[in-house]
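A structural walkthrough
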Amino acid sequence: FLEANPQHPPPAYWKGRSYPVGKQNHPVVGVTLYDALAFCRWLGCRLPAEQEWEKAARGLQGQTYPWGEDWEEGKYCNNWESGVGGTTPVDRYPAGISPFHVYDMLGNVWEWTASEYQGPFMHVLRGGSWRQFSRLTVRAVQRDWLTLSDARDDLGFRCARS
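The paragraphs below set out a description of the structure included in this document.

1. Side note on unusual backbone geometry
- With a phi angle near 65 degrees, His101 is a residue other than glycine that sits in the positive phi range.
- Within the fold, His101 resides in the loop between helix H2 (50-58) and strand E1 (110-116).
- Located in the positive-phi region is Gln118, a residue other than glycine, with phi close to 50 degrees.
- Note that Gln118 resides in the loop between E1 and strand E2 (122-126).

2. Observations concerning the pattern of salt bridges
- According to the stated counting rule, one finds 9 salt bridges in the structure shown.
- Of the charged contacts in the structure, one is a salt bridge between Arg46 and Glu52, with a shortest N-O distance of 2.8 Å.
- Exposure remark for Arg46: the relative accessible area of 27% places this residue in the partly exposed category.
- We note a salt bridge from Glu50 to Arg143, for which the minimum N-O separation is 2.6 Å. Here Glu50 is found in helix H2, whereas its partner Arg143 is found in strand E3 (residues 143-147), with 93 residues between them in sequence.
- Residues joined in a network through salt bridges with shared partners are Glu50, Glu54, Arg58, Arg126 and Arg143.

3. Focus on H2
- By the burial criterion, the buried members of H2 are Glu50, Trp53, Ala56, Ala57 and Arg58.
- For H2, the elements touching its buried residues are E1, E2 and E3.
- Positive backbone phi, approximately 75 degrees, marks Gly59, located one or two places after H2.

4. Considering the sheet that holds E3
- Judged by pairing direction, the sheet is mixed, and its 4 strands sit side by side in the order E3-E2-E1-E4 without closing on themselves. Edge positions in the sheet fall to E3 and strand E4 (155-157), since each of these pairs with one other strand and no more. On average, each strand axis in the sheet is inclined to that of its neighbour by 50 degrees, with strand direction left out of account.
- Two strands pair when backbone bridges link them, and E1 and E2 are joined in this way by 3 bridges, in the antiparallel orientation. In the strand pairing of E2, Glu116 is matched with His123.

5. Re helix H1 (residues 33-43)
- Looking at H1, one finds that the buried residues are Leu33, Asp35, Ala36, Ala38 and Cys40.
- Elements that come into contact with the buried residues of H1 comprise E1, E2 and E4.
- Capping of H1 at its N-terminal end is provided by Thr32; its side-chain oxygen lies 3.2 Å from the backbone amide nitrogen of Tyr34.
- Looking one or two residues past H1, Gly44 carries a phi angle of roughly 80 degrees, positive in sign.

Each value, and the rule that gives it
Residues numbered from 1 in each chain as written. Predicted model: local features only at pLDDT ≥ 70, side-chain atom pairs only at ≥ 80, totals over all residues. Heavy atoms only, no water. Helix = DSSP H or I, 4+ residues; strand = E, 2+ residues; numbered from the N terminus. Salt bridge = Lys/Arg side-chain N within 4 Å of Asp/Glu carboxyl O. Buried < 20%, exposed > 50% of the residue type's maximum accessible area, 1.4 Å probe, protein only. Contact = heavy atoms within 4.5 Å. Pairing = 2+ DSSP bridges. Axes fitted to C-alpha atoms, helices over the stretch in contact; angles between N-to-C directions. Polar contact = N/O pair within 3.5 Å; in protein donor to acceptor, adjacent residues only side chain to side chain.

Honestly, that's just the spatial picture; any functional story needs more than this.
Shown next, in the form of structure tokens:
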């Protein structure tokens with residue numbers, strides 16, 4: 001994306017325009033909503049709506065967690081109690097896969113959605129991150145919101161296709 005769009009700035013926290021060494025299989029972080037939307041347009045996809053994201057995470061049964069109802073620290077997702085202190089590869093927690101076979105729906109990074117929060121200047125985030133403390137704050141129904149230009153080291157996005 002950055003090679004094809006030299007005018008687009010790299011994500012926050014990158015040194016230069018190359019993916020950080022050793023992070024090739026980690027989610028991209030430090031992206032604003034504008035960055036996520038630009039990438040999706042370039043790839044021919046979109047951000048999921050909040051409701052789509054939740055269905056992908058909870059399945060048709062409305063589970064508390066993508067993997068079901070139980071919780072075992074460090075087995076299903078990357079949150080604060082896992083002790084990693086940063087992002088992990090997107091396939092590190094195969095036991096945490098969702099009913100629709102989607103990895104990392106909880107923990108690791110918050111994800112931008114296409115859904116507005118109380119007007120056009122804030123958007124909904126889903127999924128929690130490696131900074132979320134416990135099973136009570138890393139749930140498939142958990143949500144947050146940020147302004148469109150916010151970028152953090154625990155914030156990324158997920159692409160969707162219709």
